[in-house]
Amino acid sequence: MSTTRAAAVPRSLPHWRWHWQSPGLARPLNWLSVKAGALLLPAALLLLWHTAVTREWVSAQILPPPELVLQTFLDLARSGDLWFELSISLQRVLIGSLLGGLVGLALGLLMGLSRQVEAYLWPLFQAIAQVPVLGWIPLLMMLVGIDEGLKYLVIAKAVLVPMTINTFAGIRNIPASYLEVAQVYRFNLVQRLHRVILPAALPSIFTGVRFALTKGWIALVTVELLASSEGIGYLMVDGRQMFQLDLVIVSMLVIGLVGLLLDKGLALIETRLQRWQRQAF
Amino acid sequence: MSKTDFLTLKGVDKRFAVKDGELSVLENISLNIRQGEFISIVGGSGCGKSTLLRLLVGLEEASAGHLLLDGEPIRGTDPERGIVFQDHRLYPWLSVEDNVLLALANSPLSPAERLDTVHRHLELVGLKNFTRAYPAQLSGGMSQRVAIARGLVNRPKILLLDEPFGALDALTRAQLQEELARIWLAEGITTVLVTHDVDEAVLLGDRVVVMEPRPGRIKRIVEIDPPHPRRREDYRLAELRNDILQDFSQHQASPLLHPQHEQRAFRSYAMAW
């Protein structure tokens, strides 16, 4: 039942995937090749960047040297500016995601549980989902202005779509046999939800949460680039306007790293919640 | 001492709506089952034996006729009728213990009594050391033992088994058949087993109900006289098995198709030449 879940793939299907192991290499080296492999490409890019600047392939004003970017990062971190902007952004993502996540969860549950609700909501929902976040911003700006409300709404919309779809799919794909067992023991609606429907849909819902948070983080940066005077996206706009490309690159790196950390954190919670998927013996 | 009409089926029909009209799956099924009896229902695929069991569980409703358990009509599902499906249907997110415990979700017992009952039943099926394991960690045979414990834990009036060992390998199947015979003797519970395995039906049943397909009907009921506990290699059992198997080979010798279908089949055969 976990086949549709990307997160479960590395655990359940390790054998057929290509994993090069040289018989000549010592075990620690093999370990290193897997664990440190993720860092190889970033290191190569860094080297390319460094070379491009020192050989003056690109002007240093357009592509500042890595040392300067690091220095800017350290300055921003020490002065606290970075953490301030980041906390503002994270707060926006938290509120927007809670809003969109809860509504998405409720929509997915209702559509999953009732064919009538599905018939009423699903076509409209699909139409709304087809319009990307960016396409919603002009209208929303007119309606709610460019204050915090706009950010929350834009993030909520980005989060809502994957939350709804994955919750809905998770419930719709519950095997009928599971529900027959619930019927045999005469579960009421609460027991059905608590003991069968939610646990059975949980892997899919969690996939939705992870997708949603990634989408929400991207939407945040988008909306902060367009309309904000604070936040990590604004830091990037600020850097571009002042032609401080080091600031732009620091912002990009921080955005990427925070997004990665959010996803990793959720993956960790996911494995904790779903210990039963672990195979033993 | 035991009632002869504990579980009664009277003129039971079951029809399903299909694209063009109705499909008759069961026709005029009448059967009286004694309290404490082990009944095997055997038949090929399409004879409606699983549908019959689903009627008894209450997952389907009969189109006509009556089903009575202990004088009460069967309406919907009820914990007084325990079921073991062919696929064990354990919830993978619950431990063995919790899977059995959930069958007591609406039981009047106190939490401590529930847990105690669950442990006694897991011990009965030989799994008391696996209470904390998850279904993914169990073999097929072990999972089916848990399903049997779950089917029994409510102390039902009847236990219904829908090809419970059909998905298991031959060795595990033989082992579980003996376990089931032991449990049935110990518990004295009225049991209805649906199977396509004639050996299994004869080994376990007090009587074997032989069904024929399209629409599903009772062909005959065979009394299995050797007393319990039985030995698999009992000569009399082999004799009875061969007798029942003959029913099925006769089936194949005389075509099941209606005369008009038969003709059509013959014609198309001729055209192929």
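Residues numbered from 1 in each chain as written. Chains lettered and ligands numbered in written order. Predicted model: local features only at pLDDT ≥ 70, side-chain atom pairs only at ≥ 80, totals over all residues.

### Details of the overall build of chain A
Quick reminder of the rule: We count a stretch as a helix when DSSP gives it H or I for four or more residues in a row; a strand needs E for two or more, and each element gets its number in order from the N terminus. Neighbour density around each residue's C-beta defines its exposure: 20 or more other C-beta atoms within 10 Å make it buried, 12 or fewer make it exposed, and counts between make it partly exposed, where C-beta atoms are placed from the backbone. Note that contacts rest on C-beta atoms placed from the backbone: two residues are in contact if these are within 7 Å.
For chain A, the helix and strand inventory stands at 12 helices and 0 strands. For chain A, the succession of helices and strands along the chain, N to C, is α-α-α-α-α-α-α-α-α-α-α-α. For chain A, the residues scored as buried account for 32% of the 281 residues in total. Of the contacts formed within chain A by residues at least 6 apart in sequence, a portion of 73% connects residues at least 24 apart.

### Concerning the overall build of chain B
Put simply, the rule is: A radius of gyration in this sense is built from C-alpha atoms; the matching globule rule multiplies 2.2 Å by the number of residues raised to 0.38.
Secondary structure assignment for chain B yields 8 helices and 10 strands. In terms of overall dimensions, chain B is globule-like: its C-alpha atoms have a radius of gyration of 20 Å, near the 19 Å expected for 273 residues. For the C-alpha atoms alone, the extent of chain B along its principal axes is close to 70 × 45 × 45 Å. Counting every position in chain B, which comprises 273 residues, the buried fraction comes to 39%. When contacts within chain B are restricted to residue pairs at least 6 apart in sequence, long-range pairs at least 24 apart make up 69% of them.

### What to know about the sheet that holds strand E7 (residues 158-162) of chain B
Residue and element names in this part refer to chain B. Heads up, the rule is: Note: two strands are recorded as paired if DSSP finds a minimum of 2 bridges between them. Interaxial angle, 0 to 180 degrees, is taken between N-to-C directions of lines fitted to C-alpha atoms, where a helix line uses only the stretch in contact.
One open sheet holds the 6 strands; their spatial order is E6-E7-E8-E3-E9-E10, and the pairing between them is mixed. Each end of this open sheet is capped by a strand with a single partner; those strands are strand E6 (81-84) and strand E10 (217-223). Averaged over all pairs of adjacent strands, the angle between their axes in this sheet comes to 20 degrees, without regard to strand direction. In this sheet, strand E9 (residues 207-212) lies alongside strand E3 (residues 38-42) in parallel orientation, the contact comprising 4 bridges.

### So, the interface of chain A and chain B
Using the following cut-off: Think of it as three bins: nonpolar holds Ala, Val, Leu, Ile, Met, Phe, Trp, Tyr, Cys and Pro, charged holds Asp, Glu, Lys and Arg, and polar takes everything else, Gly as well.
At the interface, 18 residues of chain A touch 17 residues of chain B. Taken together, the elements giving at least two residues each to the side of chain A that touches chain B come down to helix H9 (176-184) and helix H10 (189-226) of chain A. No other element matches the 6 residues that H9(A) contributes to the side of chain A that touches chain B. Considered class by class, the residues forming the side of chain A that touches chain B number 10 nonpolar, 5 polar and 3 charged.

### Topic: helix H11 (residues 232-241) of chain A
Residues spaced three or four apart along an α-helix face the same direction, because each turn holds 3.6 residues. Residue and element names in this part refer to chain A. Keep this limit in mind: Regarding the arc, it is the one traced by the directions from the helix axis to the C-beta atoms.
Considered for burial, the residues of H11 that qualify are Ile 232, Gly 233, Leu 235 and Met 236. Seen along its axis, H11 keeps its buried residues to an arc of 155 degrees; they face one direction. Residues of H11 that are buried make contact with helix H5 (81-113), H10 and helix H12 (245-273). Note on H11: the residue one or two positions beyond its end, Phe 243, has a positive phi of about 55 degrees.

### Comments concerning the packing of H11(A) against H12(A)
All names here are of chain A. Using the following cut-off: For classification purposes, angles smaller than 35 degrees are called roughly parallel, those larger than 145 roughly antiparallel, those between 65 and 115 roughly perpendicular, and all remaining angles oblique. For any pair of crossing helices, the crossing counts as left-handed if the nearer helix is rotated counterclockwise from the farther one by less than a right angle, and right-handed if it is rotated clockwise.
In contact at an axis separation of 7 Å, H11 and H12 are set at 160 degrees when each is read in the N-to-C sense. With respect to each other, H11 and H12 are oriented roughly antiparallel. At the point where H11 passes H12, the crossing takes the left-handed sense. Mapping the contact onto sequence places Ile 232, Leu 235, Met 236, Asp 238, Gly 239 and Arg 240 in H11 and Leu 245, Leu 247, Val 248, Ser 251, Val 254 and Ile 255 in H12.

### Topic: the packing of helix H8 (residues 148-172) of chain A against H10(A)
All names here are of chain A. At their nearest, the axes of H8 and H10 sit 7 Å apart, and the two run at 155 degrees to each other. It follows from the interaxial angle that H8 and H10 lie roughly antiparallel. Helix-helix and strand crossings are classified by hand; for H8 and H10 the assignment is right-handed.

### Observations concerning the confidence of the model for chain A
Threshold: Confidence of the predictor in every single residue is expressed as pLDDT, which spans 0 to 100.
Looking at chain A as a whole, its pLDDT mean stands at 84, while 85% of the residues score no less than 70. Note that pLDDT drops below 50 for residues 1-13 of chain A; the model gives that stretch 11 contacts with residues more than four away or on any other chain.

### Remarks on the confidence of the model for chain B
All names here are of chain B. The pLDDT averaged across chain B works out to 83; a share of 90% of its residues lies at or above 70. Note that pLDDT drops below 50 for residues 253-273; the model gives that stretch 6 contacts with residues more than four away or on any other chain. Predicted complex metrics record ipTM = 0.80 and pTM = 0.76.

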